[in-house]
Amino acid sequence: MNDDLTRRQQLAALGLTDWRIRPGGALDKPGAPAKPVGPAPEAAAEATTPTMEAAASPAPESGQIAADAGDLLAEPSAEGSADNSPAALDWPALADWLAAQDHRGATQPVFGIGAQDADVLIVGEAPGANEDAQGVPFVGRAGQLLDRMLFAIGCSRETNVYITNICKFRPPDNRDPTREEIAADWPVLERQIDLMQPKLVVAVGRIAAQTLLDCKTPLGKLRGQLHRYPRRDLDVLVTYHPAYLLRSPDQKNKAWADLKIIARHIGSLAERAA
Ligand code: URA
C-alpha cells in the first residue's frame, strides 16, 4: 500500500469525488440516502460490454476448459526432448507460441503486461478494440479506470501487478468469448500462472471469475470473499469489471469495498512473507 495516499485521494482515483465517507469506511454517493455497503445481495447482472449484457451466456467451466484444451496442458516432457507445448515454455517463448496461433480475426494477440514477478495477477475477460490495436490489455477507458482502481490500493502495472485476460484474442464484435476460444487460450493463462507463481489472483468481471473458479455463480455472490483457485494452491478475489463500473457508476461503492478487501489481503500476504 502507498502510505502517502490519503483516503480522499484514493477515492478521487476511483472517480468518487464528492462521496461521503461514513464511519467504518462505507461510502455514500452524493445525494443518496445512506444504506449499508457490503456484498451485493442480488445476483449482479454484470457483464463487461453492452453487447455482452445482451448476449450473456454462462461462462464455460474451467475443468471442462482444461479438458477441451487437451494435451496443450500436458506437463513438460522429459529433459532433453524438444517440447513445444505451452507448459514447457518460458515467457518469451510462450508469447511467441501465442503469436503463432490462429488470431481468430483479431489484429494481434494480447499476451499481458506488468511485473512478471509480482505477487498479484489481475485477470480480465478478453481484449476490446483498443487492446486489439495496441496488443496490450486494458488500455481503453475501462483500462484507465482499472489503473485508477489499482492506484487506489498502491498497485500498478509498472511496479507490482501483472495484467492479462482469460482470452488472448479479441472476440469479434466484442461478444463474450466462446467456450472454444477460452479453451484455445487456456494453456497460455495456465502457463503464465505457473511461471509467475502469484500469491493472489484478482478476477475482474463475471467471465474471468466464473472461468477461474469453475462455477456459474453470479458475480455479486462471488465478490467479498476469498476463494481458492481449484487447480492450484492460490487465493482468488473477485470484483466488478471496470467497463461495468463505467456504465453503472452507482456500483463503485461496492468496487471500493472489494478494493479494500484486496488491499487488506495483499497486506496480509506481505506480512506473512516478512
Ligand atoms: N476488457 C477486458 O476484460 N480486458 C481488456 O484487456 C480490456 C477490456
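This text goes with the structure placed above it.
All of the points below concern the structure found in this document. These numbers were taken from a predicted model, which means no experiment stands behind them.

1. So, empty space enclosed by the protein
Summed over all chains, the structure comprises one cavity of 30 Å³ or more. Every residue along the wall of the largest cavity is listed here: I122, L146, M149, L150, I153, V202, V204, T239, L259 and I262. Mapped by element, the contributors of at least two residues to the lining of the largest cavity are α6 (141-152), β6 (200-204) and α11 (252-273). The leading source of residues in the lining of the largest cavity is α6, at three residues.

2. Describing helix α7 (residues 179-196)
With 18 residues, α7 should reach 26 Å at 1.5 Å per residue; the first-to-last C-alpha distance of 25 Å fits that figure. At D185, α7 shows its maximal bend, which comes to roughly 40°, and the proline P187 appears one to four places after that position. Across the 18 residues of α7, 13 count as buried, placing the element largely inside the fold. Looking one or two residues past α7, Q197 carries a phi angle of roughly 50°, positive in sign.

3. A word on the packing of α7 against helix α8 (residues 206-213)
Helix-helix packing is characterised by the crossing angle of the two axes and by the distance between the axes. The N-to-C vectors of α7 and α8 enclose an angle of 70°; their axes lie 13 Å apart at closest approach. For the element pair α7 / α8, the angle class is roughly perpendicular. Residues I182, W186 and L189 of α7 form the contact with α8, whose participating residues are I207, T211 and L212. Across the contact of α7 with α8, the residue classes tally to five nonpolar, one polar and no charged.

4. Notes on the nonpolar core
Among the nonpolar cores identified, the biggest contains 60 residues, and I122, V123, I166, L212 and V238 are the most heavily contacted of them. In contact with V238, not counting residues within four places along its chain, are A203, A209, L213, L219, L222, R223, G224, H227 and D258.

5. Regarding the pattern of salt bridges
Summed over the entire model, instances satisfying the criterion amount to 10 salt bridges. When the shortest N-O distance is used, the salt bridge between D147 and R157 registers 3.1 Å. Taken together, the residues D147 in helix α6 and R157 in the loop between α6 and β5 (161-165) connect sequence positions 10 residues apart. D194 serves as the salt-bridge partner of R232, at 2.6 Å between the closest nitrogen and oxygen. In this pair, R232 is assigned in the loop between β7 (227-228) and β8 (235-239) and D194 in helix α7, connecting sequence segments 38 residues apart. The class for D194 is partly exposed, based on a relative accessible area of 28%. A single network of salt bridges, built from pairs that share partners, joins E190, D194 and R232.

6. Topic: the sheet that holds β8
Across the sheet, six strands lie side by side as β3-β5-β4-β6-β8-β7; this open sheet has mixed pairing. The strands lining the two open edges of the sheet, one partner per strand, are β3 (113-114) and β7. The strands touched by α7 within the sheet are β4 (120-124) and β5, with β5 carrying the most contacts at an inclination of about 170°. Across the sheet, α11 is in contact with β4, β6 and β8; its angle to β8 comes to roughly 160°.

7. Some words on the pairing of β8
Taken across its five residues, β8 has five buried, putting it largely inside the fold. Where burial is concerned, the two faces of β8 agree: the one with D235, L237 and T239 and the one with V236 and V238 are both buried. When β6 meets β8, the two strands line up parallel, connected through five bridges. Following the sheet pairing, V204 is matched in β8 by T239. Relative to β8, β7 runs antiparallel, the two sharing two bridges. Paired with H227 across the two strands is V236, which belongs to β8. Once β7 ends, the chain turns through six residues before running back antiparallel as β8.

The rules behind each value
- Residues numbered from 1 in each chain as written.
- Predicted model: local features only at pLDDT ≥ 70, side-chain atom pairs only at ≥ 80, totals over all residues.
- Heavy atoms only, no water.
- 1 Å grid on protein atoms, 1.4 Å probe; cavity = no way out; pocket = protein on both sides within 12 Å on 5 of 7 lines; lining within 4 Å.
- Points joined across faces, edges and corners; volume = space filled by probe spheres on them.
- Helix = DSSP H or I, 4+ residues; strand = E, 2+ residues; numbered from the N terminus.
- Expected span 1.5 Å × (residues − 1).
- Bend = angle between axes of the 7 residues up to and from the residue.
- Buried < 20%, exposed > 50% of the residue type's maximum accessible area, 1.4 Å probe, protein only.
- Axes fitted to C-alpha atoms, helices over the stretch in contact; angles between N-to-C directions.
- Parallel < 35°, antiparallel > 145°, perpendicular 65-115°, else oblique.
- Contact = heavy atoms within 4.5 Å.
- Nonpolar A, V, L, I, M, F, W, Y, C, P; charged D, E, K, R; others polar.
- Core = buried A, V, L, I, M, F, W, Y, C linked by side-chain atoms within 4.5 Å.
- Salt bridge = Lys/Arg side-chain N within 4 Å of Asp/Glu carboxyl O.
- Pairing = 2+ DSSP bridges.

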